[in-house]
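Here is how the chains run, residue by residue.
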Amino acid sequence: MENKLVMPRHIAIIMDGNGRWAQKRSLNRCEGHREGAEALKRLIEGMKEFPEVEYMTFYAFSTENWKRSKEEVSALMSLLVEFLDANLPLFQKNDLRLLVTGRPEGLPEEPRKKLADAIGATSNNKGLTVIMALNYGGRSEIADAAKNIARKAASGELDPEKVDEALFAQYLYNPQVPDPDLLIRTSGELRLSNFLLWEISYSEIYVTDTLWPDFDKNELLKAMESFGKRSRRFGGR
Ligand code: IPE
Ligand code: IPE
Ligand code: MG
């Protein structure tokens, strides 16, 4: 009999390679992002087959991505609005809960509002939690936590001696979300690009050359199979 796979409870994905996907087809980079949004939708929809996966975090826009051209940034923001509009019914039908990680307050008004509305509308859903990393930077998250801790210490509400790893983690953007078990990066780049620096301390890493718009359920299954064979030691033996 086949052994049952050990499944990750939280999968985090660096959705990279939209630009290269478009370039290979002599299309505009924005066409790659559009196809990337479709891939995201298909993947989320297919997750009902894997109820063991409770959380997925998708890196959609980094604090560094503002360096891209005005046209590309604005296309990405419009796409976010379109994605939320088009897929809210899917979130409701599949009982998906939407969360954000990052500094959503730094997004333009329209996507910021749509995001807040969609988060509110899905807040009581009990299925997969989909976390969109938007205007997200791992260093910003750690700096923001440090700032809030410092404020409390300065006002006398918090004893600096009480600051330890567990307390610090309570000041991250989504303290209730468990750390990712599996981190996937598409398009072959072997770097973290400022993603979830604190949370991925002991995540298993899987990198595939597949470009994000081509990433599908079968690719995810390959990543989960690889995860299932790993021996997670957490520093022990
Ligand atoms: C990932 O694709 C999407 C975002 C960063 C928003 P890229 O746009 O980085 O694609 P490549 O890396 O240029 O192929
Ligand atoms: C990481 O991809 C950010 C997202 C996927 C949103 P990038 O394409 O921005 O990362 P670098 O520039 O290759 O490190
Ligand atoms: Mg890239």
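Presented here is an overview of the structure given in this document. (Residues numbered from 1 in each chain as written. Chains lettered and ligands numbered in written order. Predicted model: local features only at pLDDT ≥ 70, side-chain atom pairs only at ≥ 80, totals over all residues. Heavy atoms only, no water.)

1. Comments concerning the sheet that holds strand β1 (residues 10-14)
Basically, it comes down to this: The pairing criterion for strands is at least two bridges between them, as found by DSSP. Elements are defined by DSSP. Helices are runs of H or I of four residues or more, strands are runs of E of two residues or more, and each kind is numbered from the N terminus. Lines fitted to the C-alpha atoms define the axes, with helices restricted to the stretch that makes contact. Angles between their N-to-C directions range from 0 to 180 degrees.
Taken in spatial order, the six strands of this open sheet run β3-β4-β2-β1-β5-β6, and their pairing is parallel. Both edges of this open sheet fall to β3 (97-102) and β6 (204-207), since each of them pairs with a single strand only. Put simply, the sheet's adjacent strands are angled 20° from each other on average, direction ignored. Bridge analysis of strand β2 (residues 55-62) against strand β4 (residues 129-136) gives seven bridges, and the strand direction is parallel. Across the sheet, the residue bridging to Phe58 is Met132, located in β4.

2. Description of the site of ligand 1
Rules: Residues are classed as near a molecule or strand on a simple rule: at least one heavy atom within 4 Å of it. Each polar contact in these results corresponds to two N or O atoms within 3.5 Å; when the atoms are within protein, one needs to be able to donate a hydrogen and the other to accept it, and residues that are neighboring in sequence are counted only if both atoms are side-chain atoms. Here, Shrake-Rupley sampling with a 1.4 Å probe gives the accessible areas, and only protein chains in the shown set may cover a residue. By the convention adopted, Pro, Cys, Tyr, Trp, Phe, Met, Ile, Leu, Val and Ala count as nonpolar, Lys, Arg, Asp and Glu as charged, and the other residues, Gly among them, as polar.
As a matter of local geometry, ligand 1 sits amid 13 residues, with Asp16, Gly19, Arg20, Arg29 and Arg68 nearest to it. Gly19 has a polar backbone atom sitting 2.9 Å from an oxygen atom of ligand 1. Within the side chain of Arg29, one N or O atom sits 2.8 Å away from an oxygen atom of ligand 1. Protein coverage of the free-state accessible area of ligand 1, which is 380 Å², stands at 86%. When contributions to the shell around ligand 1 are tallied by element, the ones reaching two or more residues are α1 (18-24), α2 (29-46) and α3 (70-93). Top contributing element to the shell around ligand 1 by residue count: α1, with three residues. Split into classes, the residues belonging to the shell around ligand 1 amount to three nonpolar, five polar and five charged.

3. As for the packing of aromatic side chains
The criterion, for reference: Ring pairs shown here join Phe, Tyr and Trp side chains whose ring centres sit within 6.5 Å, with only the six-membered ring taken for Trp; geometry is labelled stacked below 30 degrees between planes, edge-to-face above 60, and tilted in between. For every residue, the accessible area obtained with a 1.4 Å probe (protein chains only) is divided by the maximum for its type, and the residue is called buried under 20%, exposed over 50%, and partly exposed between those limits.
What the rule picks out here adds up to eight aromatic pairs. Between the aromatic rings of Tyr59 and Phe195, the centroid separation amounts to 4.3 Å while the plane-to-plane angle is 15°, which identifies the pairing as stacked. With Tyr59 in strand β2 and Phe195 in the loop between β5 (182-185) and β6, the pair connects residues that are 136 residues apart, well separated along the chain. Like Tyr59, the residue Phe195 is buried in the burial classification. Measuring from ring centre to ring centre gives 4.8 Å for Phe61 and Trp66, while their planes differ by 70°; the resulting arrangement is edge-to-face. For Phe61, a relative accessible area of 2% corresponds to the buried category. In this structure Trp66 comes out as partly exposed when scored by relative accessible area, which is 33%.

4. Side note on the pattern of salt bridges
As a reminder, the rule being used: Salt bridge, as used here: a side-chain nitrogen of Lys or Arg that lies within 4 Å of a carboxyl oxygen of Asp or Glu.
Tallying each qualifying case throughout the model produces 15 salt bridges. Of the charged contacts, one joins Glu54 and Arg9 as a salt bridge, the two residues approaching to 3.1 Å between their closest N and O atoms. Taken together, the residues span a long stretch of sequence, with Glu54 in the loop between α2 and β2 and Arg9 in the segment before β1 at a distance of 45 residues. The exposure class of Glu54 is partly exposed, given its relative accessible area of 34%. One network of salt bridges, with partners in common, ties together Asp16, Arg20, Arg185 and Glu189.

Just geometry here; none of it tells us what the structure is for.
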